[in-house]
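Tertiary structure, described
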2 protein chains.
Amino acid sequence: MAMTLPAEFSLIARHFAPLAAPGSLGLTDDAAVLTPPPGRELVLAADAMVAGVHFLLDDPAETIGRKLLRSNLSDLAAMGATPLAYLLTVGLPRGTPDAWIAAFAAGLALDQQEFGLGVLGGDTVSTPGPIHLSLTILGHVAPGTALTRGGARPGDEIWVSGSIGDGYLGLAVLQGRLPMDAYLADRYRLPQPRLALGLGLVGLARAAMDVSDGLLQDLGHLCRASGCTARIEAAAVPLSAPATALVAADVSLRQKLITGGDDYELLFAAPPEAGSAIEARALEAGVAVTRIGRFAAGEPAVVVVDAAGVERPAGPGGWSHF
Amino acid sequence: MAMTLPAEFSLIARHFAPLAAPGSLGLTDDAAVLTPPPGRELVLAADAMVAGVHFLLDDPAETIGRKLLRSNLSDLAAMGATPLAYLLTVGLPRGTPDAWIAAFAAGLALDQQEFGLGVLGGDTVSTPGPIHLSLTILGHVAPGTALTRGGARPGDEIWVSGSIGDGYLGLAVLQGRLPMDAYLADRYRLPQPRLALGLGLVGLARAAMDVSDGLLQDLGHLCRASGCTARIEAAAVPLSAPATALVAADVSLRQKLITGGDDYELLFAAPPEAGSAIEARALEAGVAVTRIGRFAAGEPAVVVVDAAGVERPAGPGGWSHF
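Note that the structure is a prediction, hence the values are computed from the model and not measured. (Residues numbered from 1 in each chain as written. Chains lettered and ligands numbered in written order. Predicted model: local features only at pLDDT ≥ 70, side-chain atom pairs only at ≥ 80, totals over all residues. Heavy atoms only, no water.)

1. Here we look at the overall build of chain A
Summing up its helical and strand segments, chain A has ten helices and twelve strands in all. In terms of overall size, chain A behaves like a compact globule, its C-alpha atoms giving a radius of gyration of 20 Å where 322 residues would be expected to give roughly 20 Å. Each principal axis of the C-alpha distribution contributes one length, and for chain A these read about 65 × 50 × 35 Å. Classification of the 322 residues of chain A by burial places 60% in the buried group. Taking as baseline every contact in chain A between residues at least 6 positions apart, the subset at least 24 positions apart corresponds to 83%. Accessible surface, chain A as shown: approximately 11200 Å² in total, 57% of it carbon and sulfur. Side-chain charges in chain A split into 21 positive and 32 negative, and the spacing between the mean points of these groups amounts to 4 Å. (Helix = DSSP H or I, 4+ residues; strand = E, 2+ residues; numbered from the N terminus. Rg over C-alpha atoms; globule rule 2.2 N^0.38 Å. Buried < 20%, exposed > 50% of the residue type's maximum accessible area, 1.4 Å probe, protein only. Contact = heavy atoms within 4.5 Å. Areas by Shrake-Rupley, 256 points an atom, 1.4 Å probe, with all protein chains shown as cover. Lys, Arg positive; Asp, Glu negative; His and termini not counted. Charge placed at Lys NZ, Arg CZ, Asp CG, Glu CD.)

And the structure:
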């Protein structure tokens, strides 16, 4: 862990040392040394988050690092990978209180235990800007089994895990635009990476990704990578009980839920004959899965069939303006 | 490469796609898939850099990414590792011009070719703060051969590569505090990772690290990790010709050169009998190496012997205030 930082930040090393993974050399050397799991391929992803952009300035320190870690774990889940370790760089404004850093590290410690991984290295820097975090995650898969975005074929069913739109609503709750709802707030701050489901989908799903930028936009990525048209039923998109109640009161919300971000659910394609096996794996993983539509031959495009049966194309590049 | 970014930044994907390493899945999937080099250990490090803190706001876009990549390559050099690939997250202010991003990527492309590695993945985000970059690098070593900080023993000689203090002087030049000098400016903006030398030191050096936070501070880290006292001769610290001329004009500069940062030279310890082999390896690597002192039994501490032969202890925690 390179320490190009003012003296006040050397305490970060104290807070992070208990998080160190095997091979991290106690986070005190130039780099970590890792023996890759024998006979496995590595899966790697990196994400950054900025205060005021990807999380709220007044989010609790305990959840901020966990949200970033979980968004990366969600990328591993989408590839059908098992978590191994991570590296983290932390940019903090000068004068960040010791208690904030302790809480930030304590949150990460909880998730490390829950998801079975540790920190291999990183860097702490001061910034005149807002809190800025960047995390690189490593996972592993059996060779050739990683789920990717490009394998969907016409006739495949389109599935999602869990419920869609809670992250969008949770943000609105935390910004005071909707009444307080602890479930929705928690879904925004602490997404649930679907790791067990992702592992269960290996050999069953033909394509997969995680929904982080909104269901329609991300489904558009699957269409482009696979060269298919996707047709989904808006009414089939699974909503949580709090989301269902809010849509009942304001039906215009439904389209916001399928374009909003921060879901961190899995979106995947599988042939119809795999359906019962997928439901069995989801049951084992303790996650609901729902068919929301089907891929068809055609140009990469997403078509949404609304509650009245009217087809509404979501044009290329315009997913987020549906 | 997760793309949680405003539409204006999707062009980054275009600029970065040509940089993609094998296994990166064209930077369009949730994560990259990498087959680790068989029979090797992985070496991993991460560093962040912030505009106005680690580089100058008006540094050319071409050199900014390269400086970060080279500082990470320097960490690999210090471990005796061979570069493999990297992941990069880029935080940019809204409205960053396309030309800036193109130049940034073009600089990285040059260094990827020079150092033989490609980008596996990453993320691009917008930030209300200054440009904020984070890079995770992967390298590899033969099992058990990574150089670390903890192996120095009493009697070992202390060596550095290249010249010390040029980064400090280059910053002063670019800030207008010293007359323009292209060599020194270049040393600040484009450090030279000593990869070939690092490889050559495997089996010869007992401990190594790179000098990024200033020679005295980093030597203090070696002392603590190895449990030894270091004694160095200030006059033995190698200076470049421009640095020598500046010290001749202002002798007080000498101590600033050994406490300033951004050297990215290798600092290492080796038994005296390894000296001629080290000089041979350095010759092959095309890098000068210089003995600057010796480790002794005793508490972790750095003692500087000045030109008059007076010993000046650099106290614990106070390296940067020597």
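2. Here we look at the UniProt feature "domain: PurM-like C-terminal" (unreviewed entry) in chain A
In the UniProt entry, the feature "domain: PurM-like C-terminal" (unreviewed entry) is given for residues 153-304 of chain A. Helix makes up 40% of residues 153-304 of chain A and strand 22%, whereas the separation of the span's terminal C-alpha atoms amounts to 18 Å. (UniProt positions renumbered as here; feature names shortened; annotations may be inferred.)

3. Some remarks on the relation of the copies chain B and chain A
For the pair chain B and chain A, the relating rotation is 180 degrees, the translation along its axis is 0.0 Å, and the fit reaches an RMSD of 0.0 Å. Such a combination of turn and shift is consistent with a two-fold rotation axis. Taking the C-alpha atom as reference, chain B places B:Gly129 closest to the rotation axis, 2.1 Å from it. (Least-squares fit on C-alpha atoms with pLDDT ≥ 70 in both.)

4. So, the UniProt feature "binding site: Mg(2+) 5" (unreviewed entry) in chain A
When the UniProt feature table is mapped onto this chain numbering, "binding site: Mg(2+) 5" (unreviewed entry) sits at A:Asp213. With respect to the secondary-structure elements, A:Asp213 resides in the loop between strand S7 (207-211) and helix H7 (215-226).

5. Some remarks on the environment of A:Ala185
Residue and element names in this part refer to chain A. Tracing the chain through its elements places Ala-185 in helix H5 (residues 182-189). Linking Ala-185 and Glu-41, residues 144 residues apart in sequence, is a C-alpha distance of 36 Å. Excluding residues that lie within four positions of it along the chain, Ala-185 makes contacts with Gly-170, Val-173, Leu-174 and Met-180.

6. A short note on the interface of chain B and chain A
At the junction of the two partners, chain B supplies 52 residues and chain A supplies 52 residues. Where chain B abuts chain A, roughly 4200 Å² becomes buried across the two surfaces, and 58% of that area is made up of carbon and sulfur atoms. In terms of surface lost to chain A, no three residues of chain B exceed B:Asp30, B:Leu44 and B:His132, which account for 16% of the buried area on that side. Run the count over chain B and chain A and you get four salt bridges. A:Asp29 is the salt-bridge partner of B:Arg149, the closest N and O atoms lying 3.8 Å from each other. Elements with a minimum of two residues in the side of chain B that touches chain A: strand S1 (32-34), strand S2 (41-50), helix H2 (61-79), strand S3 (82-92), strand S4 (118-126), strand S5 (132-141) and strand S7 (207-211) of chain B. The leading source of residues in the side of chain B that touches chain A is S2(B), at nine residues. Among the residues forming the side of chain B that touches chain A, the class breakdown is 27 nonpolar, 15 polar and ten charged. (Buried area = accessible area lost by both parts, 1.4 Å probe. Salt bridge = Lys/Arg side-chain N within 4 Å of Asp/Glu carboxyl O. Nonpolar A, V, L, I, M, F, W, Y, C, P; charged D, E, K, R; others polar.)

7. Concerning the sheet that holds strand S5 (residues 132-141) of chain A
The strands that make up a sheet pair up through hydrogen bonds in the backbone, lying either parallel or antiparallel. Ordered by their spatial adjacency, five strands build an open sheet running S4(A)-S3(A)-S5(A)-S2(A)-S1(B), and the pairing between neighbours is mixed. Bordering the open sheet on either side are strand S4 (118-126) of chain A together with S1 of chain B, each of which pairs with just one other strand. This sheet shows a mean twist of 20 degrees between the axes of neighbouring strands, independent of strand direction. Pairing of strand S3 (residues 82-92) of chain A with S5(A) involves nine bridges; the strand directions are antiparallel. Counterpart to A:Leu88 in the pairing with S5(A) is A:Leu135. Of the strands in this sheet, S3, S4 and S5 of chain A touch helix H3 (residues 98-115) of chain A, which is tilted by about 170 degrees from S3(A). (Pairing = 2+ DSSP bridges. Axes fitted to C-alpha atoms, helices over the stretch in contact; angles between N-to-C directions.)

8. What to know about the confidence of the model for chain A
Note: predicted coordinates in regions of low pLDDT should not be interpreted at a detailed level. The pLDDT averaged across chain A works out to 91; a share of 93% of its residues lies at or above 70. Of the regions scoring below 50 in pLDDT, residues 316-322 of chain A engages in 17 contacts with residues more than four places distant in sequence or in other chains. (pLDDT = per-residue confidence, 0-100.)

9. Considerations on the side chain of A:Asp30
Within the secondary structure, A:Asp30 is located in the loop between helix H1 (10-16) and strand S1 (32-34). Residue classification places A:Asp30 among the buried residues on the basis of a relative accessible area of 5%. Looking at A:Asp30, its side chain comes within polar contact range of the side chain of B:Arg149, at 3.2 Å. Once you skip the residues sitting within four places of it in the chain, A:Asp30 turns out to touch B:Ala45, B:Asp75, B:Ala78, B:Met79, B:Arg149, B:Ala208, B:Met209 and B:Asp210. (Polar contact = N/O pair within 3.5 Å; in protein donor to acceptor, adjacent residues only side chain to side chain.)

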